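These are the residues of each chain, in order.
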Amino acid sequence: MHATKGDHLVIHGTHVGEALRDGEIVEVRGSDGAPPYVVRWADSGHESLTYPGPDAEVQHLDHGADEG
């Protein structure tokens, strides 16, 4: 898993009907974009140190790419 500051972390529910959880990655503490990440969760605004599991994905933002 690789992320940069500003990307979003999405954790999918592991049970049917369970909502996903998402938040903005505000700090990357691992080397070369690896976890752990400090995430500001969208549902609460709370920030926490997170080690994402296999049910998580990083949604990358376009960090300064030229528009066409």
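The structure under discussion appears in the preceding block.
A brief look at the structure comes next.

## Brief notes about the nonpolar core
Stage number 1. Counting eight residues, the largest nonpolar core is built from Ala3, Leu9, Ile25, Tyr37, Val39, Trp41, Ala56 and Val58.
Stage number 2. Those elements giving two or more residues to this core turn out to be strand E3 (37–41) and strand E5 (56–59).
Stage number 3. With three residues, the single largest contributor to this core is E3.
Stage number 4. Not counting residues up to four positions away in its chain, the partners in contact with Leu9 are Met1, Arg21, Asp22, Gly23, Ile25, Val39, Trp41, Thr50, Pro52, Ala56, Glu57 and Val58.

## A few points about the side chain of Thr50
Stage number 1. Note on placement: Thr50 falls in strand E4 (residues 47–50).
Stage number 2. Residue Thr50 is classed as buried on the basis of its relative accessible area of 9%.
Stage number 3. A polar side-chain atom of Thr50 sits 3.4 Å from the main-chain carbonyl oxygen of Ser48.
Stage number 4. Non-local contacts of Thr50, meaning those with residues more than four positions away in its chain, are made with Leu9, Pro36, Tyr37, Val39 and Trp41.

## Here's the deal with the packing of aromatic side chains
Stage number 1. Summed over all chains, the structure comprises zero aromatic pairs.
Stage number 2. Lying over the aromatic face of Trp41, Arg21 brings its terminal NZ or CZ to 4.2 Å of the ring centre.

## As for the pairing of E4
Stage number 1. As defined by bridge partners, E3 adjoins E4 across four bridges and the pair is classed as antiparallel. When the sheet's bridge partners are listed, Val39 is paired in E4 with Ser48.
Stage number 2. Here E3 folds back onto E4 in antiparallel fashion, the turn holding five residues, of which Gly45 has a positive phi close to 80°.

## A word on the pattern of salt bridges
Stage number 1. Enumeration according to the criterion identifies four salt bridges in this entry.
Stage number 2. Of the charged contacts in the structure, one is a salt bridge between Glu24 and Arg40, with a shortest N-O distance of 3.5 Å. Linking Glu24 in strand E2 (residues 21–28) with Arg40 in strand E3, this pair joins segments that are 16 residues apart in sequence.
Stage number 3. Under the relative-accessibility criterion, Glu24 is labelled partly exposed at 31%.
Stage number 4. Relative accessible area serves as the criterion here: at 34%, Arg40 is assigned to the partly exposed category.
Stage number 5. Ionic pairing is found between Arg40 and Glu47, a salt bridge with its closest N-O pair at 3.1 Å.
Stage number 6. The class of Glu47 is partly exposed, set by a relative accessible area of 38%.
Stage number 7. Overlapping salt bridges bring together Glu24, Arg40 and Glu47 as one network.

Rules used in this analysis
- Residues numbered from 1 in each chain as written.
- Predicted model: local features only at pLDDT ≥ 70, side-chain atom pairs only at ≥ 80, totals over all residues.
- Heavy atoms only, no water.
- Core = buried A, V, L, I, M, F, W, Y, C linked by side-chain atoms within 4.5 Å.
- Buried < 20%, exposed > 50% of the residue type's maximum accessible area, 1.4 Å probe, protein only.
- Helix = DSSP H or I, 4+ residues; strand = E, 2+ residues; numbered from the N terminus.
- Contact = heavy atoms within 4.5 Å.
- Polar contact = N/O pair within 3.5 Å; in protein donor to acceptor, adjacent residues only side chain to side chain.
- Phe/Tyr/Trp six-rings, centres within 6.5 Å; stacked < 30°, edge-to-face > 60°.
- Lys NZ or Arg CZ within 6 Å of the ring centre and 35° of its normal.
- Pairing = 2+ DSSP bridges.
- Salt bridge = Lys/Arg side-chain N within 4 Å of Asp/Glu carboxyl O.

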